[in-house]
Amino acid sequence: MRSTRLLAPLVVAGALLAACGGDDDSTAGTDAPAAEVESSDSSGSSVEAPAGVTLVSPAAAEAFLAEAPDDVVILDVRTPEEFAEGHIEGAVNIDIYEPTFADDIGALDRDVPYVVYCRSGNRSGQATALMGDLGFESVQDVDGGVVSWSEAGLPLVVG
């Protein structure tokens, strides 16, 4: 029994580390949303996202942004090339693949609300996990990323 309790966190950590090297640009649709990757341990209980991080649908993110406070930050963690192809209006780009990414995130204000996305949810899940670990208070991760945002008919800005 004790070995099962010790093994479960290692399995979850291994899955997360394996996802770190993944490329969420695949069109095969094989990426599981972050909520599914972290859905349960071997005892069947839920594994919660870090405090302050919430996985939200594109519609919920859009509704939040429509009523958002002035200090909200929309954070796109894709590459600059992907960002230029289409991003949510008002988003800032911090590329998760840059070696300075953790430092760049660490320099952000932890007290303002964030809406974070990538292409399909893989990279934003990694970014929001880091943000939660760093003590960010209000972080919304757009489930399915910009792909789901676009599929929901929500607007993107090119350039």
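A brief report on the enclosed structure follows. In this text, all values refer to a predicted model and were calculated from it rather than measured experimentally.

1. So, the overall build of the protein
A count of helical and extended segments in the protein gives 7 helices and 5 strands. Scanning the protein from its N terminus toward the C terminus, one meets helices and strands in the order α-α-β-α-β-α-β-α-β-α-β-α. Taken over 159 residues, the protein has a buried fraction of 34%. Sequence separation of 24 or more characterises 68% of the internal contacts of the protein that already satisfy a separation of 6 or more. Here the protein displays about 8,600 Å² of accessible surface, and carbon together with sulfur accounts for 55% of that area.

2. Observations regarding the packing of aromatic side chains
This structure, assessed with the given rule, holds 1 aromatic pair. On the numbers, 5.4 Å between centres and 75 degrees between planes, the contact of Tyr114 with Phe136 is edge-to-face. Placement of Tyr114 in strand β4 (residues 114–117) and of Phe136 in the loop between α6 (122–133) and β5 (139–142) is noted, with a sequence separation of 22 residues between them. Comparing Tyr114 with Phe136 shows no difference in burial state: the two are buried.

3. Quick look at the sheet that holds β5
If you walk across this open sheet you meet the 5 strands as β1-β5-β4-β2-β3, and the pairing is parallel. Looking at strand neighbours, the two that pair on one side only are β1 (53–56) and β3 (92–93), the edges of this open sheet. Bridge analysis of strand β2 (residues 73–76) against β3 gives 2 bridges, and the strand direction is parallel. Across the sheet, residue Leu75 finds its bridge partner in β3, namely Val92.

4. Comments concerning the pattern of salt bridges
The full count for this structure, using the stated rule, is 2 salt bridges. When the shortest N-O distance is used, the salt bridge between Arg78 and Asp76 registers 2.7 Å. Grouping residues by exposure puts Arg78 and Asp76 together as buried. Across the pair Arg123 and Glu82 runs a salt bridge, and its minimum N-O distance is 2.9 Å. Here Glu82 lies in helix α4 (residues 80–85) and Arg123 lies in helix α6, a separation of 41 residues in the sequence.

5. Some details on the pairing of β4
Here β4 shows two buried faces, one formed by Tyr114 and Val116 and the other by Val115 and Tyr117. Relative to β4, β2 runs parallel, the two sharing 4 bridges. For Leu75, the partnering residue across the bridge sits in β4 and is Val116. As judged from the 3 bridges shared by β4 and β5, these two strands associate in the parallel manner. By the bridge assignment for β5, Val115 is matched with Gln140. For the segment spanning β4, α6 and β5, crossover handedness is right-handed.

6. Considerations on the nonpolar core
Formed by 15 residues in total, the largest nonpolar core has its most connected members in Val77, Val116 and Met131. The set of elements that each furnish at least two residues to this core consists of α5 (101–106), β4 and α6.

Reading the values: rules and limits
Residues numbered from 1 in each chain as written. Predicted model: local features only at pLDDT ≥ 70, side-chain atom pairs only at ≥ 80, totals over all residues. Heavy atoms only, no water. Helix = DSSP H or I, 4+ residues; strand = E, 2+ residues; numbered from the N terminus. Buried < 20%, exposed > 50% of the residue type's maximum accessible area, 1.4 Å probe, protein only. Contact = heavy atoms within 4.5 Å. Areas by Shrake-Rupley, 256 points an atom, 1.4 Å probe, with all protein chains shown as cover. Phe/Tyr/Trp six-rings, centres within 6.5 Å; stacked < 30°, edge-to-face > 60°. Pairing = 2+ DSSP bridges. Salt bridge = Lys/Arg side-chain N within 4 Å of Asp/Glu carboxyl O. Right-handed = clockwise from strand over helix to strand, strands pointing away. Core = buried A, V, L, I, M, F, W, Y, C linked by side-chain atoms within 4.5 Å.

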